[in-house]
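Analysis of the macromolecular model
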Amino acid sequence: SIVIMLYTLFSFHEKEDYHFSVIDKNAVLFDKFNIPECKNNPIKNNIIPLNEQFIEHHNLNLEEFLNQCDLYTCYSGTGDLFYERAVNLLRDELKNEVEFIPCSIKGEKVKIYAALFLKSARMISSFVGMGFEFYPLNNVNAEYAIQDEKGVKFVTQKLVDLIEKHQLVMEFRAKN
């Protein structure tokens, strides 16, 4: 099927402090989430180890903080992190295109899941300023989510509609 409108997802938190990073000394997770040929690489204990410094620094309660939004950003590797509420609502419909992998902080499982986009295609022909130029999108065979071979992740109008239907707190921006 041809995807006409693509979007990128963004978390709402403006402060850089309010983002997670991933513990990934050997870039195994970076490769798995950003290079299509590495999607099948195994993850130790099938849990993504996250790092954060802002909870203690800003004296926040992690549960209360996470309950504010349904999407968070993870730098240095995995990209989009979905809160458990969103995963529970979206998992069944997205099962052929997105795998949600549980995350941990300091060895404790948390209600955050990293989104591994399973489908990829050659989509971006060049970067123009802050935007993209696309190849003809007739090679895109995704209903909800797809990743360009260069690692950039996109969602379709169908996923945007699903997010709005479930009133999930996520932001998305049109890309073409």
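As shown above, the structure is provided for reference.
A few words now on the packing of aromatic side chains. Under the counting rule described, the total for this entry stands at six aromatic pairs. Seen in terms of ring centroids, F20 and Y72 are 6.2 Å apart; in terms of plane orientation they differ by 85°. Their pairing is edge-to-face. In this pair, F20 sits in strand β2 (residues 20-22) while Y72 sits in strand β4 (residues 71-75), placing the two residues 52 residues apart along the sequence. Both residues of the pair, F20 and Y72, belong to the buried class. Ring geometry for F54 and F65: centres 4.9 Å apart, planes at 55°, overall tilted. Taken together, the positions of F54 in helix α2 (residues 54-57) and F65 in helix α3 (residues 62-66) put the pair eleven residues apart, joining distant regions of the chain.

In this section: the nonpolar core. In this structure, F20, I48, L50, Y72, L81, C103 and I112 are the most contacted members of the largest nonpolar core, which totals 23 residues. In terms of residue count, the dominant contributor to this core is strand β7 (residues 108-117) (four residues). Discounting chain neighbours no more than four positions away, the residues touching I48 are V22, L29, F33, I43, T78, I101, P102, C103, S104 and A114. Among the nonpolar cores identified, the runner-up in size contains 22 residues, and Y7, A86, F117 and Y144 belong to it.

Strands sit in the order β2-β3-β6-β7-β5-β4 around a closed barrel of six strands; the barrel is mixed. Going from strand to strand, the sheet's axes swing by 45° on average, the running direction of each strand aside. Pairing analysis gives three bridges linking strand β5 (residues 79-83) to β7, with the strands arranged antiparallel. Pairing of F82 across the sheet is with Y113, part of β7. The strands that helix α4 (residues 84-94) touches are β5, β6 (98-105) and β7; relative to β5, the one it contacts most, it runs at about 105°.

Further remarks concern the side chain of K39. Tracing the backbone shows K39 in the loop between α1 (28-34) and β3 (48-51). E37 provides the closest opposite charge to the buried, salt-bridge-free K39, at an N-O distance of 8.4 Å. Among all residues touching K39, those that are not within four sequence positions of it are K32, L116, F117, L118, S120 and Q147.

The next subject is the sheet that holds strand β13 (residues 171-174). Spatially, five strands are ordered β8-β11-β12-β1-β13 in an open sheet, and the strand pairing comes out mixed. This sheet does not close on itself; its edge strands, each paired only once, are β8 (120-121) and β13. Here β8 pairs with strand β11 (residues 145-148) via two bridges, running parallel. Following the sheet pairing, S120 is matched in β11 by Q147.

Procedures and definitions
Just so you know, the residues in each chain are numbered from 1, in the order the chain's sequence is written. With the structure being a predicted model, the display of local features is reserved for residues of pLDDT at least 70 and the display and counting of side-chain atom pairs for 80 or more, all residues being used for whole-chain, interface and lining totals. By convention in this description, side-chain values take in all heavy atoms of the structure and omit both hydrogens and water. Note on ring pairs: Phe, Tyr and Trp rings are taken, using the six-membered ring of Trp, and paired if centres are within 6.5 Å. Classes follow the plane angle, with under 30 degrees stacked, over 60 edge-to-face and the rest tilted. Secondary structure elements follow DSSP: runs of H or I of four or more residues count as helices, runs of E of two or more count as strands, with numbering from the N terminus. A simple rule labels every residue: compare its accessible area, found with a 1.4 Å probe on the protein chains alone, to the largest value its type can have, and call it buried under 20%, exposed over 50%, or partly exposed in between. For this analysis, a nonpolar core means a set of buried residues of the types Ala, Val, Leu, Ile, Met, Phe, Trp, Tyr and Cys, connected via side-chain atoms within 4.5 Å. Here, residues are in contact when the closest pair of their heavy atoms is within 4.5 Å. Any two strands with at least two DSSP bridges between them are considered paired. Working convention: axes come from line fits to C-alpha atoms, limited for helices to the stretch in contact. Angles between N-to-C directions cover 0 to 180 degrees. Positive charge is attributed to Lys and Arg, negative charge to Asp and Glu, and no charge count is given to His or to the chain ends. By convention in these notes, a salt bridge is any Lys or Arg side-chain nitrogen within 4 Å of a carboxyl oxygen on Asp or Glu.

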